[in-house]
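Topology and contacts: notes
Here is what each chain is made of, one letter per residue.
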Amino acid sequence: MTDRTPGFSTLAIHAGAQPDPTTGARATPIYQTTSFVFDDVDHAASLFGLQTFGNIYTRIGNPTNAVLEERVAALEGGTAALAVASGHAAQVIALHVLMTPGDELVASKKLYGGSINQFNHSFKNFGWNVVWADPDDISTFERAITPKTKAIFIESIANPGGVITDIEAVANVARRAGVPLIVDNTLATPYLCRPFEHGADIVVHSLTKFLGGHGNSIGGVIVDGGTFNWSREGRYPMLSEPRPEYHGIVLHETFGNFAYAIACRVLSLRDLGPALSPFNAFLILTGIETLPLRMQRHCDNALAVAEWLASHEKVAWVSYPGLPGDRYHKLAKKYTPRGAGACFTFGLKGGYDAGVKLVSNVKLFSHLANIGDTRSLIIHPASTTHRQLTDAQKIQAGAGPDVVRLSVGLEDKEDIIADLEQALATA
Ligand SMILES: *Cc1c(COP(=O)(O)O)cnc(C)c1O
C-alpha cells in the first residue's frame, strides 16, 4: 500500500494481512495449532511476563485470529481488538474486565433476545445487576446510573431491526457518569455505522452475522476504542491496579490506549476460555473482504422489499427506518446514512395464523432463527423464539402474534419479492 490513508474497502481486504513470510501464501493461512515453540528460555519468560508480544497458546492468541482482530479494529477505527468464540462470549468478556459481584450495568431494553436472556439470567448468577433503560427516552439512562454502575450497553441498530439508538445522546450520559459506553454494532457493521465516531468507548460484534456474512461460522469480537481513562477513579481495578500474575504490572500504565483489549485477552479470555477456532477466523476474514459490497446490496434489497410490503393489502405496518415515514428515519439518516441494514419487522392483518401460513409457504426464504446470511431469512417470532411468552409479553418484546421478521439476503430483489408475493397469497 502507498502513503495514502486507505479507504474502507481497501481495509476490508488488506488490514492486518500480508503474504505469509515463510511460504508466500497470499490468503491468510489457517494456523491450526494449539501452541507455539519458544526461541529459548528468555523468550518464553518475556512472553509470559507480557514484555514481548507473541504466540504462546491458541486459547490466548493465534496468528490467523490476529489478522481478523487487526482488520476489525481498522474497520471500526479502534486501537485493538480481541476475537472470541461467539457474540455472546464477546459480551461476557467485555464486561468481565469491568464488573465484580454487586456491580450494575445499564442496558437498553431493545436488545437481541439472546442478550436479554444472557443479561437477565446468567449475568444475575455472576452477581451483575442489569438495570434496563429505554432507548426511546434517553432520560431513563440518566436515571438508571448509580455509584455502582460500571458500563452502559446498547445496540446501534437494535435486533430484530427497526430501532436506531441515539448513540451520541447515550454517550453523553456515559461521559457524565464516568463509565464506558459499549455498543453492539452487529446489525449495522462498521460499513453502516462507526460507533467510536459518536462517542462509544467499546464496540462488540457477533461475527456470526453480517461480518462473516455467509451463515457458516459462529464468532465474536471486542474492539477497544482507546478513548476511556481507566485509571481516573480507581473504578476498574483489573486495569488500574498491579496484577500479581504478571509481576505486578498495571495494565493501563503499561499498555495505554489498548490496555482494555489486552485485559480482555490476558485476564478474561485466558481464564474464561471461549477462544475462536482459527478455521472460523479464516472463514470470517474471507467474508469481511466483501463486506462493503454485501452490506450495500443488503440495504438496497431491504429497502425495495420494505417499500413493496408497505403497499401490500395484507400488510398492516412495516417497521424499517429506511422508509421516509418511519419514526426512526431521522436517526437512520444520521447514524446509518448508507442504509438502515437488512433486518426489519412487519405486521400481517391476518395475525398469528397468517404469520404461520407465510413462513410455511415461502420457497426462496429460509425459515430459521438467524440473520446476516447471503440468503434471505424469515421467522415468525410468536410461534418460535418468543412462543413461551404470554401475549402481553410478546407485544412488549416487539414480537406480537402478527409480527414477521426478515433478514433480506443478496438474491435478486425481484425473486425475493416474488417469493413473498406467492407466500402472502396463501396467508
Ligand atoms: C446474534 C447476536 C448476538 C449473539 O451472537 P452469537 O454469535 O450468536 O453468540 C449478539 N447481539 C446481536 C445483535 C446479535 O444479532
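One structure accompanies this document, and this report is about it.

Things to note about the packing of helix H15 (residues 351-361) against helix H17 (residues 413-426)
Between two packed helices, the angle of one axis relative to the other and the distance separating the axes together describe the packing. In the contact formed by H15 and H17, the axes pass within 8 Å of each other and the chain directions differ by 135°. As judged from the angle between their axes, H15 and H17 are oblique. Every pair of crossing elements has a handedness; the one defined by H15 and H17 is right-handed. Counting all contacts with H15, which are made through Lys 357, Leu 358 and Asn 361, the residues of H17 involved are Leu 420, Gln 422, Ala 423, Leu 424 and Thr 426. Looking at the contact of H15 with H17, its residues break down into 4 nonpolar, 3 polar and 1 charged.

Focus on the site of the ligand
Surrounding the ligand, one finds 17 residues, the nearest of these being Gly 87, Asp 184, Ser 206, Thr 208 and Lys 209. A distance of 2.9 Å is found between an oxygen atom of the ligand and a backbone nitrogen or oxygen belonging to His 88. Look at the ligand: alone it shows 380 Å² of surface, and the protein chains cover 93% of it. Within the shell around the ligand, the residues separate by chemical class into 4 nonpolar, 10 polar and 3 charged.

Notes on the packing of helix H4 (residues 87-96) against helix H11 (residues 259-272)
At their nearest, the axes of H4 and H11 sit 9 Å apart, and the two run at 110° to each other. Comparing their axes, H11 and H4 come out roughly perpendicular. Remark: the crossing between H4 and H11 carries right-handed chirality. Facing Val 92, Ile 93, Ala 94 and His 96 of H4, the residues of H11 in contact are Tyr 260, Cys 264, Ser 268, Leu 269 and Leu 272.

Observations concerning the sheet that holds strand E10 (residues 315-319)
Pairing within the open sheet is mixed, and its 5 strands lie in the order E10-E11-E14-E13-E12. Pairing within the sheet leaves two strands with one partner each, and these edge strands are E10 and strand E12 (366-367). When E12 meets strand E13 (residues 377-379), the two strands line up parallel, connected through 2 bridges. Bridged to His 367 within E13 is Ile 378. Docked against the sheet, H15 engages strand E11 (343-348), E12, E13 and strand E14 (403-407), running at close to 125° with respect to E11.

Focus on the nonpolar core
Counting 99 residues, the largest nonpolar core has Leu 68, Leu 98, Ile 152, Leu 181, Ile 222 and Tyr 260 as its most contacted members. The element contributing the most residues to this core is H11, with 8 residues. Contact partners of Ile 222, with chain neighbours within four places excluded, come to Ala 80, Ala 81, Leu 82, Ala 90, Ile 93, Ala 94, Ile 202, Val 203, Val 204, Tyr 260 and Cys 264. Judged by nonpolar contacts, the second largest core, of 27 residues, contains Leu 323, Ala 340, Ile 417 and Leu 424.

What to know about the pattern of salt bridges
Inspection of the entire model under this criterion finds 16 salt bridges. The closest approach of N and O atoms between Arg 176 and Glu 142, which form a salt bridge, is 2.9 Å. Here Glu 142 lies in helix H6 (residues 139-144) and Arg 176 lies in helix H7 (residues 167-177), a separation of 34 residues in the sequence. Residue Arg 375 is joined to Asp 373 by a salt bridge in which the shortest nitrogen-to-oxygen separation is 2.5 Å. Counted as one network, the salt bridges with shared partners bring together Arg 243, Glu 245, Arg 270 and Asp 271.

Quick look at the packing of aromatic side chains
Describing an aromatic ring pair means giving the distance of the ring centres and the angle of the ring planes. Taken as a whole and assessed by the stated rule, the structure comprises 16 aromatic pairs. Ring centres 4.8 Å apart and planes at 20° place the aromatic pair Phe 119 and Phe 123 in the stacked group. Placement of the pair is Phe 119 and Phe 123 together in helix H5 (residues 113-125), with a separation of 4 residues, close to one helical turn. By the burial criterion, Phe 119 is buried, and Phe 123 matches it. Taking the centre distance of 5.9 Å and the plane angle of 55° together, the rings of Phe 255 and Phe 258 count as tilted. What makes Phe 255 buried here is its relative accessible area of 7%. An aromatic cluster is built from Phe 119, Phe 123, Phe 126, Trp 128, Trp 132 and Phe 153, whose rings are joined through pairwise contacts. The ring of Tyr 112 carries Lys 209 above its face, with NZ or CZ at 4.8 Å from the centroid.

The rules behind these values
Residues numbered from 1 in each chain as written. Predicted model: local features only at pLDDT ≥ 70, side-chain atom pairs only at ≥ 80, totals over all residues. Heavy atoms only, no water. Axes fitted to C-alpha atoms, helices over the stretch in contact; angles between N-to-C directions. Helix = DSSP H or I, 4+ residues; strand = E, 2+ residues; numbered from the N terminus. Parallel < 35°, antiparallel > 145°, perpendicular 65-115°, else oblique. Left-handed = near helix turned anticlockwise from the far one by under 90°. Contact = heavy atoms within 4.5 Å. Nonpolar A, V, L, I, M, F, W, Y, C, P; charged D, E, K, R; others polar. Near = heavy atom within 4 Å. Polar contact = N/O pair within 3.5 Å; in protein donor to acceptor, adjacent residues only side chain to side chain. Areas by Shrake-Rupley, 256 points an atom, 1.4 Å probe, with all protein chains shown as cover. Pairing = 2+ DSSP bridges. Core = buried A, V, L, I, M, F, W, Y, C linked by side-chain atoms within 4.5 Å. Buried < 20%, exposed > 50% of the residue type's maximum accessible area, 1.4 Å probe, protein only. Salt bridge = Lys/Arg side-chain N within 4 Å of Asp/Glu carboxyl O. Phe/Tyr/Trp six-rings, centres within 6.5 Å; stacked < 30°, edge-to-face > 60°. Lys NZ or Arg CZ within 6 Å of the ring centre and 35° of its normal.

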